[in-house]
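# A closer look at the structure
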Amino acid sequence: MDITSVTSYRFARTRADLALAPGERVLAGGTWLMSEPQPDITGFVDITRMDWPDLEVHPGGLRIAATCTIRRFVDFSRATHTPPWPALAAVTDAAHALLMSFKVWNTATVGGNVCQSFTAAAMVSLLAALDAEAIVWTPDGGERHQPVASFVTGQMTNTLAFGEVLRAIEIPASALTATVSFHKMALAELGRSGVVVVGRRDIDDAVTVAVTASTLTPHVFVYDAFPDPALLAADVRSPADFFTDALGDADWRREITVVLAERVRRDLEGGR
């Protein structure tokens with residue numbers, strides 16, 4: 001796609017380079033930005049030269065750079081880790097739920113999927129279920145932390161203010177040691193997800209269930225003990241922002257969410 005409104009393209013190599021002029025937009029993989037006209041954008045600021053480590057393992061968990069590609073995250077998830085992080089087994093499921101060819105994984109980034117903030121963004125689905133936090137650099141030189149689940153505020157909207165840049169995403173070790181189940185459904189075999197439900201069961205048997213794609217914003221339900229089917233069904237049916245579009249009616253999304261949540265519950269019940 002020729003982005004005819006863009007008249008400048010520059011690489012950011014230091015934090016000072018991230019100061020945006022009017023009309024500039026931060027770019028990492030750019031797979032969505034380059035896929036259709038962007039009439040409001042006059043310049044791109046490419047952050048791939050910031051040389052952030054893709055993935056950093058530390059005692060508290062895992063830090064994923066905003067510039068880490070989907071491919072790199074998938075490959076990392078398939079490697080052997082000490083201590084074991086069984087939750088990473090769901091990364092490949094999330095990658096396959098993305099509306100893109102696996103070849104695009106080499107360019108598309110984890111941070112880009114989060115910042116694009118589609119309701120069906122599969123990285124958002126997984127990260128919300130894993131209690132991940134977005135680390136955002138602010139224009140004044142500071143940073144703020146926010147759960148990915150509340151970072152996304154609607155279809156293609158989030159809490160990033162002009163000049164703020166997503167630096168990384170952190171997943172706590174406590175979530176990475178959990179058992180995870182990932183279920184999605186779409187009306188078209190290769191279409192965008194209409195419903196995604198991701199659940200995790202921690203080593204203390206606490207359960208977290210995240211609902212995305214069927215609702216305009218992520219919804220996360222946390223249980224100290226394993227939930228019974230009726231409670232889980234009532235909870236995942238309760239959000240007020242199930243929506244209708246060409247890929248499914250709100251009522252269909254709501255009821256399929258209940259079906260997938262029960263599948264997740266059974267998976268997690270059998271995972272111990």
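Residues numbered from 1 in each chain as written. Predicted model: local features only at pLDDT ≥ 70, side-chain atom pairs only at ≥ 80, totals over all residues. Heavy atoms only, no water.

## Quick look at the sheet that holds strand β2 (residues 24–27)
A sheet is described by the order of its strands in space; here three strands give the open sequence β1-β3-β2, paired in parallel fashion. If you trace the sheet from one side to the other, it starts and ends with β1 (8–11) and β2, each paired once. Along the sheet, successive strands turn relative to each other by an average axial angle of 20°, direction set aside. (Pairing = 2+ DSSP bridges. Helix = DSSP H or I, 4+ residues; strand = E, 2+ residues; numbered from the N terminus. Axes fitted to C-alpha atoms, helices over the stretch in contact; angles between N-to-C directions.)

## As for the nonpolar core
Considering soluble globular proteins, one finds that nonpolar side chains tend to be buried as a cluster. Residues Leu62, Ile64, Ile70, Phe73, Met123 and Leu127 are the most contacted members of the largest nonpolar core, which totals 60 residues. When residues of this core are assigned to their parent elements, the largest contribution, seven residues, is made by helix α4 (residues 122–129). Sequence-distant contacts of phenylalanine 73, that is, excluding residues within four places in its chain, are made with Leu55, Leu62, Ile64, Cys68, Leu88, Val91, Val110 and Met123. Within the second largest apolar cluster, 16 residues are counted, among which are Val195, Val207, Ala233 and Val258. (Core = buried A, V, L, I, M, F, W, Y, C linked by side-chain atoms within 4.5 Å. Buried < 20%, exposed > 50% of the residue type's maximum accessible area, 1.4 Å probe, protein only. Contact = heavy atoms within 4.5 Å.)

## Side note on the packing of helix α1 (residues 70–78) against helix α2 (residues 90–97)
Helix-helix packing is described using two parameters, namely the angle between the two axes and the distance between the axes. Relative orientation of the contacting elements α1 and α2 amounts to 150°, with a least axis distance of 8 Å. Viewed along their axes, α1 and α2 adopt a mutual orientation that is roughly antiparallel. For the crossing formed where α1 meets α2, the hand is left-handed. Together, Ile70, Phe73, Val74, Ser77 and Arg78 of α1 and Val91, Thr92 and Ala95 of α2 make up the contact between the two elements. (Parallel < 35°, antiparallel > 145°, perpendicular 65-115°, else oblique. Left-handed = near helix turned anticlockwise from the far one by under 90°.)

## Topic: the packing of α2 against α4
For the pair α2 and α4, interaxial distance at closest approach is 8 Å and the crossing angle is 150°. One element, α2, and the other, α4, form an angle in the roughly antiparallel class. In contact with Ala90, Val91, Ala94, Ala95 and Ala97 of α2, α4 contributes Ala122, Met123 and Leu126. Among the residues making up the contact of α2 with α4, the classes are represented as eight nonpolar, no polar and no charged. (Nonpolar A, V, L, I, M, F, W, Y, C, P; charged D, E, K, R; others polar.)

## Let's talk about the packing of aromatic side chains
Tallied over the full model, the rule gives three aromatic pairs. A ring pair is formed by tyrosine 9 and phenylalanine 44, whose centres lie 6.3 Å apart and whose planes are at 70°; its orientation type is edge-to-face. Here phenylalanine 44 lies in strand β3 (residues 43–46) and tyrosine 9 lies in strand β1, a separation of 35 residues in the sequence. On the accessibility criterion, tyrosine 9 (41% relative accessible area) is partly exposed. Relative to tryptophan 137, the ring of tryptophan 52 lies with its centre 5.5 Å away and its plane at 85°, an arrangement referred to as edge-to-face. With tryptophan 52 in the loop between β3 and β4 (55–58) and tryptophan 137 in strand β6 (residues 133–137), the pair connects residues that are 85 residues apart, well separated along the chain. (Phe/Tyr/Trp six-rings, centres within 6.5 Å; stacked < 30°, edge-to-face > 60°.)

Note that all results are geometric; they support no functional claim without further evidence.
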